[in-house]
Amino acid sequence: MSKITDRGGGAGGKRRDRVLVIGAGMAGLSTASELFSAGFKNVTVLEAQDRPGGRIKTLDPFGETHIEIGAQWVHGQHGNPIFHLADKMNLVDLDGMEKHSKKISYYYTENGERVEDRIVDEIENLMESLFEAANDFHRKKMALPDGLISVGDFFRRGFNEYLDSRNDTPEILEIKKGLYKWRLLWENGDNACNTIDELSLKAWGEFYEFAGEDDNVLKTGGYQPIIDHLLENIDKDAIVYNKPVKTINWCLDPEADSRVSVVCKDGCVYKADYVVSSVSIGVTRENIDTLFQPVLPTWKTEAMSRIGFGVVDKIFLEFEERFWEEQCEGIHLVWLDDGTNFNLECYDPIAHNEKPGHEWYRGMFSFDGIVGQPKMLMGWISGHEARKMEECSNEEVKDVCLELIRRFTDRKSLPKLKTFHMSRWFTEPYVRGSYSYCMTHGTPDDADTYALPLPNKEEPKLMFAGEATNRNYFSTVHGAHLSGIREAQRIIEHHKRVTS
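If you're wondering where the values come from, they're calculated on a predicted model, not measured in any experiment. (Residues numbered from 1 in each chain as written. Predicted model: local features only at pLDDT ≥ 70, side-chain atom pairs only at ≥ 80, totals over all residues. Heavy atoms only, no water.)

Enquirer: Can you lay out the sheet that holds strand β17 (residues 373-382) for me, pointing to particular residues and giving the numbers?
Expert: Across the sheet, which stays open at both edges, the six strands sit in the order β6-β15-β16-β17-β14-β18 with mixed pairing between neighbours. Either end of the sheet is taken by a strand with one partner, and the two such strands are β6 (104-109) and β18 (417-422). Between one strand axis and the next, the sheet turns through 20 degrees on average, direction left out of account. Across three bridges, the pairing between strand β15 (residues 328-334) and strand β16 (residues 366-370) is antiparallel. Looking at the pairing, Ile331 lines up with Phe367 of β16. Those strands touched by helix α12 (residues 394-408) are β6, β14 (312-319), β15, β16, β17 and β18, and its axis lies near 115 degrees from that of β18. (Pairing = 2+ DSSP bridges. Helix = DSSP H or I, 4+ residues; strand = E, 2+ residues; numbered from the N terminus. Axes fitted to C-alpha atoms, helices over the stretch in contact; angles between N-to-C directions. Contact = heavy atoms within 4.5 Å.)

Enquirer: Describe the state of the cysteines, with residues and values.
Expert: Each disulfide is one covalent bond, formed between the sulfur atoms of two cysteines. This model, assessed by the stated rule, comprises zero disulfides. Lacking any disulfide linkage, Cys346 is separated from the closest cysteine sulfur, that of Cys401, by 9.0 Å. Just so you know, Cys438 is unpaired, no disulfide at all, and the nearest cysteine sulfur is the one on Cys193, 12 Å from it. (Disulfide = S-S within 2.5 Å.)

Enquirer: Account for the side chain of Ser277, naming residues and giving values.
Expert: One can find Ser277 in strand β11 (residues 274-277). In contact with Ser277, not counting residues within four places along its chain, are Ile22, Met463, Phe464 and Ala465.

Enquirer: Talk me through the environment of Gly205; I want residue IDs and the actual numbers.
Expert: Relative to the helices and strands, Gly205 is located in the loop between α6 (170-191) and α7 (224-232). Spatially, the C-alpha atom of Gly205 lies 20 Å from that of Ser483, the residues being 278 residues apart in sequence. Once residues lying within four places of it in the same chain are set aside, the contact partners of Gly205 are Asn135, His138 and Arg139.

Enquirer: Account for the side chain of His332, with residues named and values stated.
Expert: Relative to the elements of secondary structure, His332 occurs in strand β15. On the basis of relative accessibility, which here comes to 4%, the residue His332 falls in the buried class. There is a polar contact of 2.8 Å between the side chain of His332 and the side chain of Ser366. (Buried < 20%, exposed > 50% of the residue type's maximum accessible area, 1.4 Å probe, protein only. Polar contact = N/O pair within 3.5 Å; in protein donor to acceptor, adjacent residues only side chain to side chain.)

Enquirer: Account for the sheet that holds β11, with residues named and values stated.
Expert: Ordered by their spatial adjacency, six strands build an open sheet running β7-β3-β2-β11-β21-β20, and the pairing between neighbours is mixed. Two strands close off the open sheet at either side, each with one partner strand: β7 (239-240) and β20 (454-455). Both strand β3 (residues 43-46) and β7 contribute to a ladder of two bridges, which runs parallel. Residue pairing across strands places Val45 opposite Ile239, the latter belonging to β7. Docked against the sheet, helix α1 (residues 26-37) engages β2 (19-22), β3, β7 and β11, running at close to 170 degrees with respect to β3.

Enquirer: Quick one: what's the story with unusual backbone geometry, residue by residue and with numbers?
Expert: Here Gln293 and Pro294 are connected by a cis peptide whose omega angle stands at -5 degrees. By the element assignment, Pro294 lies in the loop between β12 (292-293) and α10 (298-305). With omega at 5 degrees, the peptide bond leading from Leu454 into Pro455 counts as cis. Within the secondary structure, Pro455 is located in strand β20. A positive phi is found at Asn353, a non-glycine position, where the angle reads about 60 degrees. By the element assignment, Asn353 lies in the loop between β15 and β16. Of the residues examined, Asn353 reaches a relative accessible area of 71% and is grouped as exposed. Despite not being glycine, Ser475 shows a phi value in the positive range, around 80 degrees.

Enquirer: So what's going on with the environment of Thr301? Residues and values would help.
Expert: Counting through the fold element by element, Thr301 comes out in helix α10. Between the C-alpha atom of Thr301 and that of Phe342, which follows or precedes it by 41 residues, the distance is 43 Å. With sequence-adjacent residues up to four places away left out, Thr301 is seen in contact with Ile288 and Leu296.

Enquirer: Mind laying out the environment of Ala203, listing which residues take part and the relevant values?
Expert: Here Ala203 shows up in the loop between α6 and α7. A sequence separation of 66 residues divides Ala203 from Phe137, and the C-alpha atoms of the two residues are 8.0 Å apart. What Ala203 contacts, discounting residues up to four positions off in sequence, is Cys438 and Pro444.

Enquirer: Go over the packing of α1 against α7, please, and point to the residues and values.
Expert: Relative orientation of the contacting elements α1 and α7 amounts to 30 degrees, with a least axis distance of 8 Å. Taken as axis vectors, α1 and α7 run roughly parallel relative to one another. Relative to α7, α1 is oriented so that their crossing is left-handed. Contact with α1, carried on its side by Met26, Leu29, Ser30 and Ser33, involves Ile226, Ile227, Leu230 and Leu231 of α7 and no other residues of that element. The class makeup of the residues in the contact of α1 with α7 is six nonpolar, two polar and no charged. (Parallel < 35°, antiparallel > 145°, perpendicular 65-115°, else oblique. Left-handed = near helix turned anticlockwise from the far one by under 90°. Nonpolar A, V, L, I, M, F, W, Y, C, P; charged D, E, K, R; others polar.)

Below, the structure written as structure tokens:
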């Protein structure tokens, strides 16, 4: 038998306006926190998992320090509300960032040879110039070159034009192509796409960056203190954990019950005047036919289908001793071969239904150092390769990473591995990915359309929050935070309108 639940109270005591927020990630917590701060008391957050944070997941599996399984940096400073909050709480590790900034990345080929810094710098400067030039199409309202629709198209043309202007030896040419491949893999990870051919060139400059340092690192405790800060503004009994939602029953018929009915998988039913869904777009699309009744209008589902949502995974390896140079910021993997001359002794692609030369580990591009953790490396992988990696056991992934590091750095052995941890964001049933991006067949308007309330702006019942609903700050923690504030303000303004 279904159980109908309710919590008393209301904003200003004038109405028993009930708000249901689905999801206790950054967007959902920001919505609830803003509403409680505005005087709303009848707010409930339904969280499918047993913890808050969503794609923010700070762990301390190594005992002495933390790791960020999900969101890691605060991107930008001036105007970024998350940075201002972190700075006010004395969480930003400015000293660690300054020391880390003086280090340099080491690029190695699979032959165990380190690439000369001058060649690395040349290709990095080229790619940065192409990156900024791609931004200009949107920011300067420039027409796209004929035949180019993706960032991949634009980068490829620019890189080939560069090669044609050079007179490099075959050996140098091969290395430069390998560095170009590295940058593409890095862009895949930075954007959570399978390939940058999926990224819209026209919309590339739509993503806004705050001024100041882009990759701000948080001190011991990571993002968790920021989550805790939001929780302090929310009644302790307002968040219900282990409460996955089955169906959101909203109605377009003005003569019907004006309240939205939310049915949970355990049979509990919640009634509310306002429902804010901060469920990831990955989970939302996966359950699009059953999560909403009636089904969402076509104009919204089509917009959602044009928003990319990919996977970025991390692998953490803590060693008994540091073996990489003190000035080395990270170990970057420069793949030169075409897939036929390199294989790992520890991994059998046939046993994993992969063709030799197309193994998932060829999507790995870096093992980065971590500020404040001198004996730890963090591996990166994204896209199709990340999803394939998630099918492997921890032991298999660990062995692959160790052999990759050993082979690329040309070491006979490595120090003993102390601890190992990895993310599996695609496999997580209530997340199903990492963050969003603008696809070639979509536009930034799709994020705005996704964010529109139902049935309409004048009478919002069902609202949507999350980084994928933010056209300018998608893929970021501050984008999720701002989307939650936006929907809370929508509720507050509507409440004022109908009670004045």
